There are 2 protein chains.
Amino acid sequence: MASDQTRSAILAAAERLYADRGFGDVTLRDIVAEANVNLAAVNYHFGSKDELIAELFVTRSIQTNRERLNELRAAEEKGGGRAAIEDIMRALVGPTLRGCLGPDREGSTAARFMIRASIESVPPIRRIKNREVDHLRKFAAAMRRAMPASSDTELYWGLHFALAMAHHTIREKERLLRLSEGKCDLDDVRGIIDRVVTVSVMALTMGDVPSKPAPRPVAMHGRLTRQDL
Amino acid sequence: MASDQTRSAILAAAERLYADRGFGDVTLRDIVAEANVNLAAVNYHFGSKDELIAELFVTRSIQTNRERLNELRAAEEKGGGRAAIEDIMRALVGPTLRGCLGPDREGSTAARFMIRASIESVPPIRRIKNREVDHLRKFAAAMRRAMPASSDTELYWGLHFALAMAHHTIREKERLLRLSEGKCDLDDVRGIIDRVVTVSVMALTMGDVPSKPAPRPVAMHGRLTRQDL
DNA sequence: GATAGTTTCATACAAATGTTTGAAATGCAA
DNA sequence: TTGCATTTCAAACATTTGTATGAAACTATC
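Each value, and the rule that gives it
Throughout this description, residue numbers start from 1 for each chain and increase along the sequence as written. Here every chain gets a letter starting at A, and every ligand a number starting at 1, in the order they are written. At least 70 in pLDDT is required for a residue's local features to be given in this predicted model, at least 80 for side-chain atom pairs to be given and counted, and no such filter applies to totals for whole chains, interfaces and linings, which use all residues. Hydrogens and water molecules were not included; the side-chain quantities draw on all heavy atoms of the structure. Each helix corresponds to a stretch of at least 4 residues labelled H or I by DSSP, and each strand to a stretch of at least 2 residues labelled E; elements are numbered beginning at the N terminus. Only protein chains enter the accessibility calculation, which uses a 1.4 Å probe; a residue is then buried when its area is under 20% of its type maximum, exposed when over 50%, and partly exposed in between. Contacts were defined at the residue level, with two residues in contact if any of their heavy atoms lie within 4.5 Å. Accessibility throughout is a Shrake-Rupley quantity obtained with a 1.4 Å probe, and a residue counts as covered only by protein chains that appear here. Residues enter a nonpolar core if they are buried and are Ala, Val, Leu, Ile, Met, Phe, Trp, Tyr or Cys, with the set joined through side-chain atoms within 4.5 Å. To be near a molecule or strand, a residue needs just one of its heavy atoms within 4 Å of it. Whenever a nitrogen or oxygen atom comes within 3.5 Å of another N or O atom, the pair is scored as a polar contact, on the condition that within protein one atom can donate a hydrogen and the other can accept it, and that pairs from neighbouring residues in sequence are kept only if both atoms are in side chains. Polarity classes work like this: nonpolar for Ala, Val, Leu, Ile, Met, Phe, Trp, Tyr, Cys and Pro, charged for Asp, Glu, Lys and Arg, and polar for all others, with Gly in that last group. A helix is expected to span 1.5 Å for every residue after the first. Across the chain, bend at a residue is computed as the angle between axes fitted to the seven residues ending at that point and the seven starting from it. Between N-to-C directions, angles span 0 to 180 degrees; the directions come from axes that are lines fitted to C-alpha atoms, helices contributing only their stretch in contact. Here the word oblique covers every angle except those under 35 degrees (roughly parallel), over 145 (roughly antiparallel) and from 65 to 115 (roughly perpendicular). Two helices that cross are described as forming a left-handed crossing if the nearer one is turned anticlockwise from the farther one by less than a right angle, and a right-handed crossing if clockwise.

You'll find chain A entered in an unreviewed UniProt entry as Transcriptional regulator, TetR family, with Bradyrhizobium brasilense given as the organism.

Next comes the structure, spelled out in structure tokens:
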């Protein structure tokens, strides 16, 4: 039964090293040294290096996806089957941002690993990410229910931009910190989530708010028209 | 004088291969085979593989940055020294999006190379990207002039989100296409730029438009308050 | 056309890396 | 204990890869 110990030691060591130094320059030999196990143990327990990486990533991904769906379900129950759009977007970006940002998360290996996975793009992880589309469709469906008058196009763009802001904030948090000379507080996770959610909802409800003459009436190419509510 | 030919052939072949297959699985031997030059030519002309990659990336980056600054300058002249915020954002995201998206760009090696560089994250490119902060400061300065009443924090978040939407659209265009089942037209570059600019400006002027009760008055944590204009 | 500088070429080097192997050790059931 | 399966281990394998070398080919200047 020491087999499970070896397996776990490898997983833990690999996640730690990948989180710290990236996938690029961590070899199997580094991992087995950190885990105090034999080199062949990786291939014995996981088959290959790529399968090890894949297992690490799917484990964390499943966690995040489950949290997202839980929040989405909670929001739908709260709204009696029809979740508010803000709550949907919050369920979409909240778990990811909470998982990767924040001061307490600084030491979290899992968080730093997921940031790495978000920055670098290694084949086994890319393969898994491609399956994420099915997961996102559930959010698209919820959004459609929340905004039945919106076109699918607008909806997908809103979803896309929400993920853009969340992931880019995780990916480039160092740069934003440097650019803003610390003025942007990357530890205020709740504030960041609110910010992303607010902008996302604004993007989704764009046509609704022509209170001011839209930023500029120029060159809209018939794309950003108001939705026919 | 055949030296320049060799150099150019290597650059062209490398850019094409990297664009098609990514940095991960293109070796120097692949490149020299494609370029019909000798293996040693790369080290002779560029010093090392990393310096070759760096030269490819800086060349394209300089082009984009120049276009950006040209647009920014044009916008400032148009506004008599004080460019409109929409024009600033357009100058920021326009060149990148135009360079990487669009139907005609499909065959553009340069475009596909820059998309690769945006997706994968190889050390020599990462080093160059880190210097990009200085370039962005020029835009931050222009934004500050355009919105003197806004706090720096809001300004940096707006800049950050604009880049987030632009880069994420380039990075994940395949996924967005698949998710939306083709409903999001990734070839309509002008429409996409308008979209990103519009949302960015909305994000920047958030406090200004409480025409409707803000998406939800909940949990703003005192962050997304209106600017005191 | 000889010479010096530049460029090209075939080949070799050296190091790294994921994977495999076959035997030894360990655990477990009969 | 015996026997069988699982797990560990040291060592080797087989490539791949970027880089270096030294001679040959080429170019341009005098």
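Moving on from the model shown.
Participant: What's the story with the overall build of chain A in this structure? I'm lost.
Facilitator: Across its full length, chain A holds eleven helices and zero strands. Listed N to C, the secondary structure of chain A is α-α-α-α-α-α-α-α-α-α-α in terms of helices and strands. Every one of the 229 residues in chain A was classed for burial, and the buried ones make up 54%. At a minimum sequence separation of 6, the contacts of chain A that also span at least 24 residues come to 71%. Carbon together with sulfur atoms contributes 50% to the accessible area of chain A, which is approximately 10,300 Å² in total.

Participant: Hey, could you run me through the nonpolar core in this one?
Facilitator: Soluble, globular proteins show a tendency: their nonpolar side chains are buried together. In this structure, Ile31(A) and Ile31(B) are the most contacted members of the largest nonpolar core, which totals 151 residues. Residue contacts for Ile31(B): discarding those within four places in its chain leaves Ile10(B), Ala13(B), Ala14(B), Leu17(B), Tyr18(B), Val26(B) and Leu52(B).

Participant: Teacher, can you tell me more about the protein's contact with DNA strand C here?
Facilitator: Residues in close proximity to DNA strand C total 16 residues, the closest being Arg29(A), Lys49(A), Thr6(B), Tyr44(B) and His45(B). Among atoms of DNA strand C positioned within 4 Å of the protein, sugar and phosphate together represent 52%. A distance of 3.4 Å separates a base nitrogen of DNA strand C from a polar side-chain atom of Asn38(B). Tyr44(B) has a polar side-chain atom sitting 2.9 Å from a phosphate oxygen of DNA strand C. For the surface near DNA strand C, the elements supplying multiple residues, two or more each, are helix 2 (28-35) and helix 3 (40-46) of chain A together with helix 1 (2-21) and helix 3 (40-46) of chain B. Residue classes in the surface near DNA strand C are distributed as six nonpolar, seven polar and three charged.

Participant: Please clarify how helix 5 (residues 85-100) of chain A should be interpreted in this entry.
Facilitator: Because an α-helix completes one turn every 3.6 residues, residues spaced three or four positions apart along the sequence face the same direction. All names here are of chain A. End to end, helix 5 covers 23 Å across 16 residues, agreeing with the expected 22 Å (1.5 Å per residue, within 8%). Of all the bends found along helix 5, the most pronounced is centred on Val 93 and spans about 35°, while Pro 95, a proline, follows it within four residues. Most of helix 5 sits inside the fold, with 14 of its 16 residues counted as buried. One or two positions beyond helix 5, positive phi appears at Gly 102, with a value near 100°.

Participant: Looking at this structure, I do not really get the packing of helix 4 (residues 49-78) of chain A against helix 8 (residues 132-146) of chain A. What am I missing?
Facilitator: Any two packed helices are characterised by how steeply their axes cross, that is the angle between the axes, and by the distance between the axes. Residue and element names in this part refer to chain A. Running from N to C, helix 4 and helix 8 cross one another at 15°; their axes reach a closest spacing of 12 Å. Taken together, the axis directions place helix 4 and helix 8 in an arrangement best described as roughly parallel. Helix 8 is crossed by helix 4, and the crossing has left-handed handedness. Across the interface between the two elements, Asn 65, Arg 68, Leu 69, Leu 72 and Glu 76 from helix 4 touch Glu 132, His 135, Leu 136, Lys 138, Phe 139, Ala 142 and Arg 145 from helix 8.

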